[in-house]
Amino acid sequence: MLLFFILGLLVHFVFFGSIFDIYFTSPLVHGMTPQLTPLPPPAKRLVLFVADGLRADTLYELDENGNTRAPFIRNIIMHEGSWGISHTRVPTESRPGHVALIAGFYEDVSAVAKGWKENPVGFDSLINESRYTWSWGSPDILTMFAKGASGDHVYAYSYDADNEDFGAQDVTKLDTWVFDNMKEFFHAARNNQSLFSKLNEEKIVFFLHLLGIDTNGHAHRPTSREYKDNIKVVDEGMKEIVSMLEDFYGNDGKTAFIFTSDHGMTDWGFHGAGHPSETLTPFVTWGAGIKYPQRVSAQKFDDAFLKEWKLENWKRQDIHQGILPVDYLNNTDLFKAESMFTNAVQILEQFKVKMTQKKEAILPFFFTPFKLLSESKQLNILRKARSYIKQRKYDEAVSLCKELIQLALKGLSYYHTYDRFFLGINVVLGFVGWTSYASLLIIRSHSSFTRGVSKEVKKPSHLLSCSFIAVGVLVAFFLLIQDCPWTYYIYCLLPVPIWYAVLREFQVIQDFVISLLTFPPSQLAGYLFIFTLGIEVLVLSFFYRYMLTAGLIAFACWPFITQLWIRAKSISLSWIFFSLLLAVFPLMPVVGRKPDIFLVIGAGSLVLLLSLCVLTSLIKRKDRFINEELLLHLFQMLSIALSMYVVYSTHHSLLKKQGLPFLNQIISWIILASSFVLPLLSPTSLFERLFSILLSWMSAYLLLSTGYEALFPLVLSCLMFVWIQMEQETLQQSGVSYRQKVTSLQFTCNLDITQFRHLYLEDIRRAFFLVFFLVTAFFGTGNIASVNSFDLASVYCFLTVFSPYMMGALMMWKILIPFVLVMCAFEAVQLTTQLSSKSLFLMVLIISDIMALHFFFLVKDYGSWLEIGTSISHYVIVMSMTIVLMLLNGLAHLLTTKKLELYGKSKSHLI
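Since the structure is predicted, the reported quantities are computational estimates derived from the model, not experimental observations.

Thresholds applied
Residues numbered from 1 in each chain as written. Predicted model: local features only at pLDDT ≥ 70, side-chain atom pairs only at ≥ 80, totals over all residues. Heavy atoms only, no water. Helix = DSSP H or I, 4+ residues; strand = E, 2+ residues; numbered from the N terminus. Buried < 20%, exposed > 50% of the residue type's maximum accessible area, 1.4 Å probe, protein only. Contact = heavy atoms within 4.5 Å. Areas by Shrake-Rupley, 256 points an atom, 1.4 Å probe, with all protein chains shown as cover. Pairing = 2+ DSSP bridges. Axes fitted to C-alpha atoms, helices over the stretch in contact; angles between N-to-C directions. Phe/Tyr/Trp six-rings, centres within 6.5 Å; stacked < 30°, edge-to-face > 60°. Lys NZ or Arg CZ within 6 Å of the ring centre and 35° of its normal. Lys, Arg positive; Asp, Glu negative; His and termini not counted. Salt bridge = Lys/Arg side-chain N within 4 Å of Asp/Glu carboxyl O. Core = buried A, V, L, I, M, F, W, Y, C linked by side-chain atoms within 4.5 Å. pLDDT = per-residue confidence, 0-100. Parallel < 35°, antiparallel > 145°, perpendicular 65-115°, else oblique. Nonpolar A, V, L, I, M, F, W, Y, C, P; charged D, E, K, R; others polar. Left-handed = near helix turned anticlockwise from the far one by under 90°. Patch = residues over 30% accessible without salt bridge, like charges linked within 9 Å, V, L, I, M, F, W, Y side chains within 5 Å.

Attention now goes to the overall build of the protein. Looking only at helices and strands, the protein has 34 helices and 8 strands in total. Across the 911 residues that make up the protein, the buried fraction comes to 54%. In the protein, the proportion of contacts linking residues at least 24 apart, taken out of those at least 6 apart, comes to 80%. Accessible area of the protein: about 40,200 Å², with a carbon and sulfur share of 62%.

Quick look at the structure:
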């Protein structure tokens, strides 16, 4: 069985990784011939201002007094340049946003698995093609493009990463540092002939990355005074820089300016998903080659922003990255047409290279070309476009080039996803085969359906073995002659041994079918309907959190459907109460949007009150109480009290902009570390060990909470305690004669007792309950499928200096704490129901895999980027849950069964 779980873990890693080969492969194409516009550019230099995390609405809107927050930018819009909204794409993070701005394409999605800080693959960029680039700002962003550039022509000046502190008194210094250092640089250039000469050459880029707005947004929210005041600081700083540059270059009219943002930010201070507040960013440009403001009487947009911003009379031009925005250019129609023609030829060249690569890797009779853009059509469009330019029909040429660009982009997508269906079929075959094999293993070893069949695996027929070996060889040969990547061999060959293992159990399948035929058809249909309904509710809960509420309300009715209401009224009432109480959480707003520190303090107080009640009960119930146990219990209560103090103290310190107190930080890390050890010091009796786990992990959870979610693990754990007792009550109904009180059960006696009983239908319900509680643990306080559901304020008791990996790890641990609490309760359920952990765990994996298969079919690469990203994240979450379930099952077993003795043999003392 151990070998089975190891193989299962490997198989699920393969299924998990398949999504990155099917949907997360690099779209980049290499090997194209450079295409240049034959006409000279209007500008000699570009100044790029990127205000990280700046929302379009916050910049453009007027304040409560009717005044603009950015008078310099407002003046540019009305008197000097062009403006609009830049529509970014998911994920709305700094790295992909800057790649889109500076490299001209949407982020290589393979970077998802490789981090955002440095280039996962090589790509060309504006900075690489410049003669010289000077940049100032955050080390995370500047080094990304400096390391990706060829040659020694990119110069980056950045502050120390420790300055990116969300708890700092004034984070606008991140922006003023950039402005001050750029001023000093140009002042020094006047006395440095070599530098002065470089600055006066052509193809120069100045890149100013301004991180203060993003940092203030995370720390104080975009609606805060700090965020809005930071916009004023940036506006004033830009005004001074522009004035300095115009003076340095003698107002030669050869400088182009762009002011924009990499992404926006939600009202609760986060970004990463596809909410409009994250994807709508400002775009303002002026200077050489840029159109002056255009007065208009009316404009048609799907939103009401123009009227809100009082900009309805100034032409707004929205842009998307990757395609030349010719409407912004103030140049001749010939220049626009030639630029668009060059842009079209560049994208067409990518299409040709991609097609050639795919054609060479596939056998000729299997290759299906992109029919909408044949070679003859390419030549025809290019000839017509060139002919229009010669005939001075520039508008027609631009329109034709846009048509060619759209066709070429569709063709690129076609060849990029060419193998998607083929790979998908193989992954589905593997999924279905694995689920079938796991089901057969349960039927053969843990059920009464095959009593007449030998439990030993019969030697498979020679023909079956040879057939599958032949299939494997043919598949491998087919992949080899097409020069497929090594991962293709895994996806295509994995179903072969899996289905071999399934078909060798033919006798079990036959016996199971015969057993099913003995049931009335209506009864079978009813069971199938209930099972399908349960799976669909779990799937729908990923899209609609209120489905969890509906499920918990249905759970509350469970005692009335069975005889539990009659036999155990007090336990049934507790089950109903806590089920309905937990059902409230999915109806509440996502965590972080409305932080309330007093709810965290209230949750801690309830835990302390509950601890006192439990301690009193234990003292009364035990004739002898060990001093070490009492000290442990009191120490855990002290940890809860310290967590409450740290949360309150840190919150007020950050409000006063005094940063994270060092003492608070030390206490927080000690409490987090001790939460893993303290439960192992408690007695292994079921109730005491579970309560010790709750106290230790609640102390850590409180430090990671910002509002009502602090109550969630407490309510969930109370329901888990009642669930354990409810399951024991169902044993009488199941006909199991052995029954022991919950208070007398020891985790150390959790042995595999499959020999005593087989699985019942009631056990499928138990497995479903576990999966439902795990999904509730994931989505009970937020939609973790959306990156913007996370709140950086959750980790401020541990650190405030920006550290994406450490912050991400802490937030993931916050998600996993309720998960582990449920798994520990599941250990107790297995103990109380006298059931093998292996059989129940197999059923849980089967249910999870069926859900994963659902989401595999629901993954899409069309529609809005929010829909695409959500569909992919749902599959990733279910697959992660299946893999993590295997790992956390071991952690839960360790937490519940292991006992540490710090002082040798414990001595008992009367209390």
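The 8 strands are arranged β4-β3-β5-β1-β6-β7-β2-β8 in an open sheet whose pairing can be described as mixed. The open sheet terminates on both sides in strands that have one partner only, identified here as β4 (154–158) and β8 (319–320). Pairing of strand β3 (residues 132–137) with β4, which is carried by 5 bridges, proceeds in the parallel orientation. Residue pairing across strands places W134 opposite Y155, the latter belonging to β4. Packed on one face of the sheet, helix α3 (residues 71–79) meets β2 (82–87), β6 (255–260) and β7 (280–287) and runs near 65° to β7. Along the sheet, helix α7 (residues 173–189) makes contact with β3, β4 and β5 (204–210), crossing β5 at roughly 150°.

Residue position: G659 is located in the loop between α27 (627–655) and α28 (662–677). Classification of G659 by relative accessible area gives buried; the value is 8%. For the pair G659 and L799, spaced 140 residues apart in sequence, the C-alpha to C-alpha distance is 9.7 Å.

Here the focus is the packing of aromatic side chains. Applying the stated rule across the entire model yields 64 aromatic pairs. Geometrically, the ring pair formed by W136 and F185 is edge-to-face, given 5.3 Å between the ring centres and 70° between the ring planes. Within this pair, whereas W136 is found in strand β3, its partner F185 is found in helix α7, the two being separated by 49 residues in sequence. Taking the relative accessible area as the measure of exposure, W136 reaches 1% and is therefore buried. Ring centres 6.4 Å apart and planes at 45° place the aromatic pair F543 and Y544 in the tilted group. When its relative accessible area of 40% is taken as the criterion, F543 is described as partly exposed. Put simply, the rings of Y132, W134, W136, Y155, Y157, F185, F186, F196, F206, F248 and Y249 touch in pairs and so form one group of aromatic residues. We note R765 situated over the ring of F769; from NZ or CZ to the ring centre the distance is 4.8 Å.

On to the side chain of D235, then. Position of D235 among the secondary structure elements: in helix α10 (residues 225–248). With no salt bridge to any partner, buried D235 finds its closest opposite charge in K239, at an N-O distance of 7.3 Å. For D235, the residues in contact, after removing those within four places along its chain, are R69, A70, P71, F72 and I73.

Looking now at the pairing of strand β1 (residues 45–51). Within β1, 7 of the 7 residues are buried, which leaves it mostly tucked inside the rest of the structure. Judged from the 7 bridges that link them, β1 and β5 form a sheet pairing that is parallel. When the sheet's bridge partners are listed, L46 is paired in β5 with V205.

So, about helix α4 (residues 94–103). Counting buried positions along α4 yields 10 of 10 residues, so the element is predominantly enclosed. Following α4 by one or two positions, G104 adopts a phi angle in the positive range, close to 80°.

As a further point, take the environment of L704. Structurally, the position occupied by L704 is in the loop between α29 (686–703) and α30 (712–734). Through-space distance from the C-alpha of L704 to that of V600 is 9.6 Å; in sequence the pair is 104 residues apart. Not counting the four nearest positions on each side in its chain, L704 is found in contact with E709, S794, V795, F798, L810 and K814.

On to the nonpolar core. By size, the foremost hydrophobic cluster in this structure holds 153 residues, and its most contacted members are W575 and F773. Ranked by residues supplied to this core, first place goes to helix α32 (residues 804–832) with 18 residues. Leave out the neighbours within four places in its chain, and W575 touches F555, A556, W558, P559, L719, V722, W723, M726, F769 and F773. Within the second largest apolar cluster, 52 residues are counted, among which are Y159, A189, F206 and W314.

The backbone phi angle of R221 is positive, close to 85°, even though this residue is not glycine. Even without a glycine there, the phi angle at K657 is positive, about 60°. Within the element layout of this structure, K657 appears in the loop between α27 and α28.

Moving on, we come to the environment of T266. Along the chain, T266 turns up in the loop between β6 and α11 (276–279). Here T266 falls in the buried class, since its relative accessible area comes to 0%. Counting along the chain gives 45 residues from T266 to R221, while the straight-line C-alpha distance between them is 8.1 Å.

It is worth spelling out the confidence of the model for the protein at this point. When the pLDDT values of the protein are averaged, the result is 85; 88% of them are 70 or greater. Low pLDDT, under 50, characterises residues 112–117; the predicted model gives this stretch 18 contacts beyond four residues in sequence or across chains. Throughout residues 904–911 the model reports pLDDT below 50, and contacts reaching past four residues in sequence, or to other chains, amount to 16 contacts.

Here the focus is the packing of helix α16 (residues 420–446) against helix α18 (residues 486–493). One can describe the packing of α16 onto α18 by two numbers: an axis separation of 8 Å at closest approach and a directional angle of 45°. If you check the angle between α16 and α18, you find them oblique. Each of F422, L423 and N426 in α16 lies in contact with α18, whose residues at this interface are Y488, Y491 and C492. Taken together, the residues of the contact of α16 with α18 break down into 5 nonpolar, 1 polar and no charged.

If you walk through the whole model with that rule in mind, you get 21 salt bridges. A salt bridge links R69 to E61; its shortest N-O distance comes to 3.0 Å. The class for R69 is buried, based on a relative accessible area of 5%. Among the ionic pairs, R316 bridges to D303, the shortest N-O distance being 2.9 Å. With R316 in the loop between α12 (305–309) and β8 and D303 in the loop between β7 and α12, this residue pair connects regions lying 13 residues apart in the sequence. By relative accessible area, R316 is classed as buried at 4%.

Glancing now at the packing of helix α13 (residues 333–360) against helix α14 (residues 375–390). Two elements in contact, α13 and α14, have axes whose closest approach is 11 Å; the angle formed by their N-to-C orientations is 170°. In terms of orientation, α13 lies roughly antiparallel with respect to α14. In terms of crossing hand, the pair formed by α13 and α14 is left-handed. Listed contacts from α14 to L334, A337, E338, F341, V345, L348, F351 and K352 of α13 are Q378, L382, A385, R386 and I389.

Before going further, it helps to examine a nonpolar patch on the surface. Residues L540, F543, Y544, Y546, L587 and L858 make up a contiguous nonpolar surface patch of roughly 580 Å² in combined accessible area. When you line up the elements, L587 lands in the loop between α25 (569–582) and α26 (597–621).

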